[in-house]
Amino acid sequence: TSTNNAPGDLDFGAGSTALGVEWHSAADFLADGLKMSASWSTDNGAAKGATARLENSWGVGATYVTSAGDTTLTIGGGYGSGDIVTSGTAATSDKAGANVGVSAVTGDLTVGVGYGDGDTFVANDATASTNRQVDGSVLKAGIKYVTGDITLALGMSAGEGKDGNFGTAGTTDDSTDSTSASVTYAVASGVSAVLGYTTVDENDEGSSATTGGSAWYVGATMSF
C-alpha cells in the first residue's frame, strides 16, 4: 500500500463538478491560429460531510497554431481553480493549477513537451485517514517517428508532490517517474501489430515505494 500522491498528468490541478457550462471559441479567434475556451461548474449536489469535495470551479485555456519553416508548432496553456469544502465549510487548501505545452511536427517526426504545476487534494476515504492537500508538479515529453509502415514512439513522465493535512504543507517528496516505448507495424490495411514496454519508479515520502515496476505488451489493433 502506498500513499504516493505525486501527479501523473498535466491537468491534476483542474477539476469540475457535474453541473457546469463550457464555452469554446471558433478557430482563428482574435488572431490566426488562436482558439480559446472557458468553463465554470458549481455544487455537485453531494451530501456535505467529513469527506472533502470540490464544490465550485472555473478554468480558462488557449491554443495557438503557427508554422516555422517546415515545422508546425502548437502552443497551449491553461489555468484552473476550484473551491474545496468539508462538512460544508471551505477547507484551508484549494485545487488550482496551470499548465503549458508545446508540440512540433516536421514531416514524419512529432515532438511534444508539457509541464503542469499546482495544488490538488486527496479526500478522506478508506485508505486515507485524513483529507490531504498535495502541492505538485509534473513534466511530460514524447517523440514519435513514422517511417514507412513502422511507427516508433518514446515517452516519459516525471511527477513530484508533497502532501500534508489541510493547511499544513508537506515536507518530504513523493515522486512517480515513468518511461514508455512502443513499435507499431502496419501489417495490412486496418491491421497493426504493437509491441510496447513501460517502466515505473516511485518514491513515497522520500523512500522507495513498492508500487513501481515494469511491463511489456504485445498485441494488435484492427479497424473496419
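If you're wondering where the values come from, they're calculated on a predicted model, not measured in any experiment.

Glancing now at the overall build of the protein chain. Of regular secondary structure, the protein chain possesses zero helices and 13 strands. From first element to last, N terminus to C terminus, the protein chain shows the α and β order β-β-β-β-β-β-β-β-β-β-β-β-β. Viewed in the frame of its principal axes, the protein chain has a C-alpha envelope of about 60 × 50 × 35 Å. Taking all 224 residues of the protein chain together, the buried fraction comes to 27%. In the protein chain, once contacts between residues fewer than 6 apart in sequence are set aside, the share between residues at least 24 apart is 52%. A total of about 12,600 Å² of accessible surface is found on the protein chain, and carbon and sulfur atoms cover 58% of it. Of note, the protein chain has its 8 positive side-chain charges centred 6 Å away from the centre of its 25 negative side-chain charges.

Next up on the list: the side chain of Asn-4. Among the structural elements, Asn-4 can be located in the segment before strand S1 (19-24). Looking at Asn-4, its side chain comes within polar contact range of the side chain of Thr-176, at 3.4 Å. Apart from residues lying up to four places away in sequence, Asn-4 is in contact with Asp-174, Ser-175, Thr-176, Glu-202, Asn-203 and Asp-204.

Secondary-structure assignment places Thr-92 in the loop between strand S5 (89-90) and strand S6 (95-106). Classification of Thr-92 by relative accessible area gives exposed; the value is 62%. For the pair Thr-92 and Gly-167, spaced 75 residues apart in sequence, the C-alpha separation works out to 5.2 Å.

Before going further, it helps to spend a moment on a negative patch on the surface. A grouping of Glu-160, Asp-173, Asp-177, Asp-201 and Glu-205 is seen on the molecular surface, where their side chains present a negatively charged patch. If you trace the backbone, Asp-201 turns up in strand S11 (residues 191-204). Its relative accessible area of 42% is what places Asp-201 among the partly exposed residues.

Of note, the phi angle at Asp-28 is positive, near 60°, even though the residue is not glycine. Along the chain, the position of Asp-28 falls in the loop between S1 and strand S2 (34-42). Owing to a relative accessible area of 47%, Asp-28 belongs among the partly exposed residues under this scheme.

Here is what the cut-offs are and how they apply
- Residues numbered from 1 in each chain as written.
- Predicted model: local features only at pLDDT ≥ 70, side-chain atom pairs only at ≥ 80, totals over all residues.
- Heavy atoms only, no water.
- Helix = DSSP H or I, 4+ residues; strand = E, 2+ residues; numbered from the N terminus.
- Buried < 20%, exposed > 50% of the residue type's maximum accessible area, 1.4 Å probe, protein only.
- Contact = heavy atoms within 4.5 Å.
- Areas by Shrake-Rupley, 256 points an atom, 1.4 Å probe, with all protein chains shown as cover.
- Lys, Arg positive; Asp, Glu negative; His and termini not counted.
- Charge placed at Lys NZ, Arg CZ, Asp CG, Glu CD.
- Polar contact = N/O pair within 3.5 Å; in protein donor to acceptor, adjacent residues only side chain to side chain.
- Patch = residues over 30% accessible without salt bridge, like charges linked within 9 Å, V, L, I, M, F, W, Y side chains within 5 Å.
- Salt bridge = Lys/Arg side-chain N within 4 Å of Asp/Glu carboxyl O.

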